[in-house]
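# Structural features, examined
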Amino acid sequence: MVMGLSPLFLVFMLGLGLTPLTLAEDDHRYRHFLIQHYDRSPKGRDNKYCETMMEKRHLTKPCKSINTFVHGNKNDIKDICKDKNGKPYGGNLRISKSPFQVTICKHKGGSTRPPCHYKATKDYRVIVIGCEKGWPVHFMSPLSLHTSSPELVLLFLRSISPLHRGNIHC
């Protein structure tokens, strides 16, 4: 006797087939975020560090004008997308509850073709990231705050210590 497949079973199997694609896409965006913005244990954190990391992470064709590397535990960064280490900041943006060591690599100017020359700035501050489905997928530089709403800028400024406010160049 041949039994037909029930519609419920077909829907279940279709769901199983599509789930890995969704997870893979989320994982791809998260991995891209890590490649561009994460370095657990930096060596040097000086201009040479920036030039080496920007080239190693393929951010120099053309020379990216600015990039921030976040240092520390990547689970702490992921937790910004949850209430454990993050607060809503508007839209899909979240602001960290705790500060992170960061290195900001800013292109010194001139040609946008390699070799690229960067100035490094070390800092310790809260960070703002974009989250999708619980994954960090975008880093919001303090330098891009000038394009944000005034309410978001004020929220960001209130969230950092007065000692670090002088390090923000808008």
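The structure this text deals with has already been given above.
The paragraphs below set out a description of the structure included in this document. (Residues numbered from 1 in each chain as written. Predicted model: local features only at pLDDT ≥ 70, side-chain atom pairs only at ≥ 80, totals over all residues. Heavy atoms only, no water.)

The next subject is the nonpolar core. Nonpolar side chains in soluble globular proteins tend to end up buried together. Judged by nonpolar contacts, the single largest core of 16 residues is most densely connected at Val70, Ile77, Phe100, Ile127 and Ile129. Taken together, the elements giving at least two residues each to this core come down to helix H1 (7-37), strand S1 (66-71), strand S4 (100-107) and strand S6 (128-132). Aside from chain neighbours lying at most four places away, what touches Val70 is His37, Tyr38, Asp39, Ile77, Phe100, Gln101, Val102, Ile127 and Phe139. The next biggest cluster of nonpolar side chains, apart from the first, holds 11 residues, and it includes Cys50, Met53, Leu59 and Tyr118. (Core = buried A, V, L, I, M, F, W, Y, C linked by side-chain atoms within 4.5 Å. Buried < 20%, exposed > 50% of the residue type's maximum accessible area, 1.4 Å probe, protein only. Helix = DSSP H or I, 4+ residues; strand = E, 2+ residues; numbered from the N terminus. Contact = heavy atoms within 4.5 Å.)

What follows deals with the packing of aromatic side chains. To describe a pair of aromatic rings, you give the distance between the ring centres and the angle between the ring planes. Counting across every chain of the model gives two aromatic pairs. With a centroid separation of 4.8 Å and an interplanar angle of 50°, the aromatic rings of Tyr30 and Trp135 are classed as tilted. Of the two residues, Tyr30 is situated in helix H1 and Trp135 in strand S7 (residues 135-140); the sequence distance between them amounts to 105 residues. A residue is classified by how much of its surface remains accessible, and Tyr30, at 6% relative accessible area, is buried. Ring centres 6.0 Å apart and planes at 75° place the aromatic pair Tyr49 and Phe69 in the edge-to-face group. Taken together, the residues span a long stretch of sequence, with Tyr49 in helix H2 (residues 47-56) and Phe69 in strand S1 at a distance of 20 residues. Of the two residues, Tyr49 and Phe69, both sit in the buried class. (Phe/Tyr/Trp six-rings, centres within 6.5 Å; stacked < 30°, edge-to-face > 60°.)

Side chains Leu93 and Ile95 project from strand S3 (residues 93-96) onto one buried face, and the interleaved Arg94 and Ser96 project onto a second face that is buried too. Both strand S2 (residues 86-90) and S3 contribute to a ladder of four bridges, which runs antiparallel. Paired with Gly86 across the two strands is Ser96, which belongs to S3. Taking the residues between adjacent antiparallel strands as the criterion, S2 and S3 are bridged by two residues, where Gly91 takes a positive phi near 60°. Where S3 meets S6, three bridges bridge the pair, whose relative direction is antiparallel. Its bridge partner lying in S6, Arg94 is registered against Ile129. (Pairing = 2+ DSSP bridges.)

Attention now goes to the state of the cysteines. Summed over the entire model, instances satisfying the criterion amount to three disulfides. With a sulfur-sulfur separation of 2.1 Å, Cys50 is cross-linked through a disulfide to Cys105. Judged by the torsion about the S-S bond (-80°), the Cys50/Cys105 disulfide is left-handed. Remark: Cys105 occurs in strand S4 and Cys50 occurs in helix H2; sequence separation between them is 55 residues. Judged by relative accessible area, which is 0%, Cys50 ranks as buried. Each sulfur of the disulfide joining Cys81 and Cys131 lies 2.0 Å from the other. Taking the sign of the torsion about the S-S bond as the criterion, the disulfide between Cys81 and Cys131, at about -85°, is left-handed. Residue Cys81 is located in the loop between helix H3 (74-78) and S2, and its partner Cys131 is located in strand S6; the two are separated by 50 residues in the primary sequence. In this structure Cys81 comes out as buried when scored by relative accessible area, which is 13%. (Disulfide = S-S within 2.5 Å.)

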